Amino acid sequence: MSLLNKINTDNLPTHLAIIMDGNGRWAKQKGMLRAFGHENGTKSVRTTVEACARLGIKNLTLYAFSTENWNRPKLEVETLMKLLISSLKKELATLEKNDIKLNSIGNLDHLPKGVQKELQEVIEKTKNNTRMTLTLALSYGSREEILNAVKKISDKVKNNIISIDTIDESILNNHLYTHDLPDVDLVVRTSGEHRISNFLLWQIAYAEFYFTDVLWPDFTEEHLYEAIISYQKRERRFGKTSEQIQ
Ligand code: FPP
């Protein structure tokens, strides 16, 4: 039985979030520069996006560039930004073909103007697509996201738009970059690292985690299927007992 046939399409994660890690080590293993790893990482992005859409996953979020990634060498940051622009240009057709809507989260004002422009264009052109929402986390940091939400809510309290007593989880949720997305069901991280790295800290409260040693440029459809099969074997109890779930 192929891995694909083992997937129960009635029990897919509604929101899959991926920390794409290992581009640099992949390139180093091949005696190449880190940029070569990132370039090859874009191929795994395309394969994964198309495979998720085909399976019927409704929301896929990719951690493409963190707030901390700005501290990388200038040349690497420039390379990543150029890759983003070229990928957005090139992959608009892939998104259209697969009926995928592009979304982005993060401190987007920090991105170079060229990236912002390309991003806005693709978001605008794909806004009516409904099969899957692909969210790119760019210049994204979860602590910053939560801090911003707290500031926005505080401002509304100060201006008597909302009262402190009404602040609940849904109000905080509505002030996050991810306000239109459901909670994350499954987080996948490649490259053997077992960390969350400031990614969707609020949204992963009840997520399942799947770690693989595979480096991101080597990540294939089959690896994605393995992650989903593993997810489908878990019992998600959300704090309840096993008996209550059954
Ligand atoms: C982590 O590998 C990867 C990144 C910081 C960037 C991810 C970017 C891409 C996959 C390419 C462009 C993305 C899109 C959405 C088109 P690393 O550099 O930290 O690897 P290392 O830990 O082995 O050094």
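Keep in mind that this is a model prediction, so the values were computed, not measured. (Residues numbered from 1 in each chain as written. Predicted model: local features only at pLDDT ≥ 70, side-chain atom pairs only at ≥ 80, totals over all residues. Heavy atoms only, no water.)

A. Here's a closer look at the layout of surface pockets. Roughly 900 Å³ of volume is contained in the largest pocket. The wall of the largest pocket is formed by 37 residues, among which M20, N23, Y63, A64 and F65 lie closest to the centre. For the lining of the largest pocket, the secondary-structure elements that each account for two or more residues are α1 (23-29), α2 (34-55), β2 (59-66), α3 (74-97) and β4 (132-140). Tallying contributions element by element places α3 first for the lining of the largest pocket, with eight residues. (1 Å grid on protein atoms, 1.4 Å probe; cavity = no way out; pocket = protein on both sides within 12 Å on 5 of 7 lines; lining within 4 Å. Points joined across faces, edges and corners; volume = space filled by probe spheres on them. Helix = DSSP H or I, 4+ residues; strand = E, 2+ residues; numbered from the N terminus.)

B. Looking closely at unusual backbone geometry. Despite not being glycine, D99 shows a phi value in the positive range, around 60°. On the secondary structure map, D99 appears in the loop between α3 and β3 (100-105). Overall, D99 belongs to the partly exposed group, its relative accessible area being 28%. Within the chain, N160 stands out as a residue other than glycine whose phi angle is a positive 55°. (Buried < 20%, exposed > 50% of the residue type's maximum accessible area, 1.4 Å probe, protein only.)

C. Broad picture of the packing of α3 against helix α4 (residues 113-125). At their nearest, the axes of α3 and α4 sit 9 Å apart, and the two run at 10° to each other. The pairing of α3 with α4 is recorded here as roughly parallel in orientation. Mapping the contact onto sequence places M81, L84, I85, L88, K89, L92, L95 and E96 in α3 and G114, V115, E118, L119, V122 and K125 in α4. (Axes fitted to C-alpha atoms, helices over the stretch in contact; angles between N-to-C directions. Parallel < 35°, antiparallel > 145°, perpendicular 65-115°, else oblique. Contact = heavy atoms within 4.5 Å.)

D. Spatial organisation of the nonpolar core. Counting 45 residues, the largest nonpolar core has L16, L60, L102 and L134 as its most contacted members. Looking at this core, the element that brings in the most residues is α3, giving seven residues. Not counting residues up to four positions away in its chain, the partners in contact with L60 are L16, I18, T48, V49, C52, M132, T133, L134 and T135. Formed by twelve residues, the second largest nonpolar core is a distinct cluster that contains I19, V187, F199 and A207. (Core = buried A, V, L, I, M, F, W, Y, C linked by side-chain atoms within 4.5 Å.)

E. Representation of the sheet that holds β2 in the model. In spatial order, the strands read β3-β4-β2-β1-β5-β6; together these six strands make up an open sheet with parallel pairing. The outermost strands of the open sheet, each flanked by one partner alone, are β3 and β6 (208-211). Averaged over neighbouring strand pairs, the angle between their axes works out to 20° when direction is ignored. As paired strands, β2 and β4 are joined by seven bridges and run parallel to one another. Each bridged residue has a counterpart across the sheet, and for S66 the counterpart in β4 is Y140. Relative to β2, α2 is tilted by about 160°, and along the sheet it contacts β1 (15-19), β2, β3 and β4. (Pairing = 2+ DSSP bridges.)

F. Highlighting the site of the ligand. With respect to spatial proximity, 17 residues lie near the ligand, and among them D21, G24, R25, R34 and R72 are the closest. D21 is positioned with one of its side-chain polar atoms (N or O) 3.0 Å from an oxygen atom of the ligand. A distance of 3.3 Å is found between an oxygen atom of the ligand and a backbone nitrogen or oxygen belonging to G22. Contact with the protein chains removes 91% of the 620 Å² of surface that the ligand exposes when unbound. Contributing elements (two or more residues each) for the shell around the ligand: α1, α2 and α3. The leading source of residues in the shell around the ligand is α2, at four residues. (Near = heavy atom within 4 Å. Polar contact = N/O pair within 3.5 Å; in protein donor to acceptor, adjacent residues only side chain to side chain. Areas by Shrake-Rupley, 256 points an atom, 1.4 Å probe, with all protein chains shown as cover.)

G. Local environment of the pattern of salt bridges. The tally for this structure, following the rule as stated, stands at 18 salt bridges. Among the salt bridges present, the one from E121 reaches K117, with a minimum N-O distance of 3.5 Å. Highlighted residues: E121 and K117, both in helix α4, separated by four residues, approximately one helical turn. A salt bridge links E193 to R195, with the shortest nitrogen-to-oxygen separation between them at 3.3 Å. Taking relative accessible area as the criterion, R195 reaches 45% and is therefore assigned partly exposed. Through salt bridges that share partners, D21, R25, R189, E193 and R195 make up one connected network. (Salt bridge = Lys/Arg side-chain N within 4 Å of Asp/Glu carboxyl O.)

Remember, this is a structural readout, not a statement about activity or role.
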